[in-house]
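Overview (structure and organization)
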Amino acid sequence: MKYKKIIALMLTAAMVLIMAACSSESNETTAAAAGGETTAAAASEDSGNEIVSEGKAAAKTPSSNLKFKAGGKDIQINMDTSEFLDALGDPDSYFEAESCAFQGLDKVYTFKDFVIRTYPDGDIDRVSAIELRDDIVTTAEGAYIGMTEDDIKSLYGSFTIEGDASTALTVKDGDTKLSFIFEDGSINSITYTAAE
Amino acid sequence: MKRKIIASVLISAFLIAGLWFAQRLLMPKYQGQIVEGAMIEEYYDETTDHDVIFIGDCEVYENFSTMKLWEEYGITSYIRGSSQQLVWQSYYLLEETLKYEKPKVVVFNVLSLKYDKPQKEAYNRMTLDGMKWSMSKYNDIKASMTEEENMLDYMFPILRYHSRWSELEKADFEHFFEKDKVTHNGYYMRVDIRPQGEFPEPMPLDDYSFGDNAMKYLDMMTKLCKDNGIELVLIKAPTEYPYWYEQWDEQMVDYADRNGLRYINMIPLQDEIGLDMSVDTYDAGLHLNLTGAEKLSTWFGKYLVDNFGLEDHRNDPKYTKVYDDKLDFYYKMIEEQKDQLEE
Amino acid sequence: MNLTSAEFIITVIVLAVLYYIVPKKAQWPLLLVGSLGFYYVAGRSYKELIAHPSCPPQMIYILVTFVTAFICAYVMGRIDGKAKEYLAANKGTISKEEKKAFKAKAKSRKWAVLLIGLIIALGLLCVTKYTNFVIANINSFLKEGSRIKPLNIIVPAAISYYTFQTCSYVIDVYRGKTEPQKNPFKLLLFVTFFPLLVQGPICRYDDLAPTLFGGHKLEECNISQGLTRIIWGFFKKMVVANRLAPVVIALAADTNSYRGTFVFILMLFYAFDLYCDFTGGIDITIGIARVFGINVAENFNLPYFSKNIKEYWNHWHITMGTWFTDYIFYPVSVCGPMLKLSKWSREHLGQKVGKRVTVYLSSLLVWFTTGLWHGAAWNFIVWGLMNYVVIMISQELEPLYAKFHSKVKIKNTIGYGIFEIVRTILLMSMIRMFDVYRNVPLTFKMVGTMFTKVNLRIFTDGSLLNIGLTKPDYIVLLASFAIILTVSIIKARKGYVFKKETFAVRHFLLAVLLIAIVVFGAYGVGYDSTQFIYNQF
């Protein structure tokens, strides 16, 4: 009887423990536990990767092979706009919208052949969407407006392609979704947006 | 031993009081330029019930003047809105509101359906911190958290705001116990004018259907209203940016049909409402200013009275006493803001 | 898992409450269940656990180490027991020589068992921790194309700590110092006791066992002392270490912008950061164990008040130092080949040099392994060897110092004492730069710039406000420094910080400290250090 009690208590303990330990998502790594003189040492070994991956900043670091090239620069979703904006010259038109409660400005830069939309992140702006508007510009892989489903499938064979040509084909990689939107069997517009 | 117990109790009390005090001091007061974070909690100061509850984002709390609805139609209304209020946040706020009162009509602005996932911590905080604790709040937080947030930070906001100790302002001390009212039954007033300019062309989307998660909460909202015998009116406010796609509109028409709800897209009705976007907006067409909000309220109030036969409370002493004060505050703020503009 | 994470705190609280509810007999089994659960979860997020609920490979490693230790100790115990039985039964019938031979035979059998045990336990440690380091080193001699692919092994969490702990147990059983534990579950608790699996200390079985398995009453002094240590540790970790760590990493990562006097700043920051992180972590560990009524060996004794490096190493990471002394330095010094070498060198090199040869060799081995233990990288090895060099040089210079002090009478003045302390701190901090920078040549180069590129302007031109610390941060750091220094001085003078009768005062101060940690700690979403670090990459 006494043993049963103990076993019951131990099981409860184990359950509570595991639940407590899982109660919220931890993004801590265990590396420090195994390591030597502790945190900074281990972290500087691999140039601080551990700590970077903890922060929210990491989520916003561009992380995709899908890029758009313009003005000699790679442009990516979630990229800091100051890295390329100067190289693009003046846009044809510029629009900004205050987001609610003074959380910064959403900006839209309309160039002749493409549009770049941004969102605020602290003091900087990051790319939220890129839209290709005519067939003069192409994606880094060479896709342009007017192409067909087969063209895309051969260009993006190494990626997973979703959807069908009745509406849109999409390619996802990292934080980016590249969409080819079709009308009457050919691409009508191309957009880069954040993958969810 | 006895002395130790007494000491322990006293010290524990000191610890809790100290943490409570620090938390209270360190939480943002939203009394300066950003007042949006103070909106949600103002509701708890209400002493009378409301016929109409608005829920949604800035497209309700900046576009409908609750005082105009009262002045012209004797409609009592409250806007439970906050910045970038997402569908699930609207749902849980409504669920919570129904614990306090049973309105006749609930008006929900559908723009936020475009968001299917939690968006931004800053907005979450403005929406959630002001709520009183309840299961609704708990579920709301769970539905709203972005990946880097956690429940503990909401349960003990000091864990989130502790680093504000070096940025404390006078307002943090002044409003330690009491905050100034920032809205008029949830309406956020702006009297300045910045005419609407040209909006950029909308970006084509690969998929126009609303997300499953967002629609799930809309379904829940529909059911909640049905179960409580409340008329749910879906609206899209008359402002044109952020862009409201035709395909979205079709889905809403379809949804309203299927569920026997009313859905009004007010964008094409700008003329009928009497809006002149060269004077009726304070931020170049994104939101309405006071004149715009009053025009819209005059138009929408009539719609409410015509369709739901809402009672005119203007001769009911229970309400007049309360609303006289509210009107005073309303007109005082109009004067103040106008004075400020002239400076 | 992190000692300061919410999950860890909640786990400990729940466990502590249960601990004093269950019958005393069930206390250690409860700890065992808790410890295994802790190790099973070990930093994996909820999502990962759901996705991979199966037993993680690290769990198997720790169990193998435990099983090996248990079996070895058990077998050695049996050999001993049988030998005793035999000798007792045949008392008087066997000759002295026979007895001696019998004993030697038993000992050599034990030795074989010990060897197998150590090879398995240390083998696991070496394979998981050092294989890729070895491969990388071999690869640096190979041409591209013929290089060996690094293995895909995850270093099991805390393997350095539990392996050392287990080895010390097995060796002590071999030496007859420790009775083998007959209950495998008790030994398993010794190997997996969760507070020790984060940052150490490396405990000895004999130290831990008396309180680890005993039933404990809920006692005010345990809870109170435990909480004091925990909160003090939290203060050091959350307020200081967490505030400095990102700055240290950033300063070390951008070697182009931060050179010269920045390196000096980095050195001081890292000294303070590491001290607070490590001693704070140990405070928390010891405090938690205390709450459970368990005594864990101290790992630090005011190391930054040491007047020379030898003293420093007697006061810093004590359990590691004594481990290396007991299980490497002494056995190596007295092993057969060493004794032969000693004899040979005395005969051929003279007393003065000959005496030193074996000590130098043994110490070299100790410091090499100490470096290696800290991490599989040349940085750590060089770091260990630097310590070795400095200790040996200062030992050789001792007569010179003595001469100096006999002439100049300043040795016992406060000023000279402070000088010695500062000198030791600076020296240790400089050596420690090897675990800050990416590689060894870079460390030499950067430390060099400290002397060649002095730019004192950074103190006045606001550069120090651009490295991730604001003015308020500096104020907090200075205030914390003052508090830690004061507490340390009190402890150094009196040997304790609080008297027993000051119950109310002590706990009031703790409550104040706790509020200060919550407010001034560097943690949470609002702390945008991550933002700052991100900018570096």
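Scroll up to find the structure.
Conventions used here
Residues numbered from 1 in each chain as written. Chains lettered and ligands numbered in written order. Predicted model: local features only at pLDDT ≥ 70, side-chain atom pairs only at ≥ 80, totals over all residues. Helix = DSSP H or I, 4+ residues; strand = E, 2+ residues; numbered from the N terminus. Buried ≥ 20, exposed ≤ 12 C-beta atoms within 10 Å, placed from the backbone. Pairing = 2+ DSSP bridges. Axes fitted to C-alpha atoms, helices over the stretch in contact; angles between N-to-C directions. Contact = placed C-beta atoms within 7 Å. Nonpolar A, V, L, I, M, F, W, Y, C, P; charged D, E, K, R; others polar.

1. Brief notes about unusual backbone geometry
Across the junction of Tyr241(B) and Pro242(B), the peptide omega takes the value 0°, indicating a cis bond. Structurally, the position occupied by Pro242(B) is in the loop between β4 (231-236) and α12 (246-259). Located in the positive-phi region is Tyr30(B), a residue other than glycine, with phi close to 55°. Residue position: Tyr30(B) is located in the loop between α1 (2-26) and α2 (39-42). With a phi angle near 45°, Leu302(C) is a residue other than glycine that sits in the positive phi range. Relative to the helices and strands, Leu302(C) resides in the loop between α11 (261-291) and α12 (309-315).

2. Considerations on the environment of Ala136(C)
Residues and elements named next belong to chain C. Topologically, Ala-136 is positioned in helix α5 (residues 96-139). Exposure remark for Ala-136: the 15 C-beta atoms within 10 Å place this residue in the partly exposed category. Placed 11 residues apart in sequence, Ala-136 and Arg-147 show a C-alpha to C-alpha distance of 8.9 Å.

3. Considering the pairing of strand β8 (residues 168-173) of chain A
Residue and element names in this part refer to chain A. As paired elements, strand β7 (residues 161-164) and β8 share 4 bridges and run antiparallel to each other. Counterpart to Glu-162 in the pairing with β8 is Thr-170. Hairpin connection from β8 to strand β9 (residues 176-183): 2 residues lie between these consecutive antiparallel strands, with Gly-174 at a positive phi of about 60°.

4. Description of the sheet that holds strand β5 (residues 262-265) of chain B
All names here are of chain B. Taken in spatial order, the 5 strands make up an open sheet running β2-β1-β3-β4-β5, and their pairing is parallel. Looking at which strands have only one partner, the edges of the open sheet turn out to be β2 (77-81) and β5. Ignoring strand direction, the axes of neighbouring strands in this sheet form an average angle of 20°. Both strand β1 (residues 52-56) and strand β3 (residues 105-109) contribute to a ladder of 4 bridges, which runs parallel. When the bridges of β3 are listed, Val-52 appears paired with Val-105.

5. Structural notes on the interface of chain A and chain B
Of the residues lining the interface, 24 residues belong to chain A; the matching set on chain B comes to 23 residues. Put simply, the parts of the chain that give the side of chain A that touches chain B at least two residues each are β3 (93-98), β4 (105-110), β6 (124-132), β8, β9 and β10 (186-194) of chain A. With 3 residues, the single largest contributor to the side of chain A that touches chain B is β3(A). For the side of chain A that touches chain B, the residue count by class is 11 nonpolar, 9 polar and 4 charged.

6. A few points about the pairing of β9(A)
Across a regular strand the side chains alternate sides, sitting on one face of the sheet and then on the other. Residue and element names in this part refer to chain A. Most of β9 sits inside the fold, with 7 of its 8 residues counted as buried. Alignment of β8 against β9, held across 6 bridges, turns out to be antiparallel. Pairing of Val-171 across the sheet is with Leu-178, part of β9. Strand direction decides the pairing type here: β9 and β10, joined by 8 bridges, are antiparallel. Bridged to Phe-182 within β10 is Ile-187. Taken together, β9 and the strand that follows it, β10, pair antiparallel across an intervening segment of 2 residues, in which Asp-184 is found at a positive phi of about 55°.

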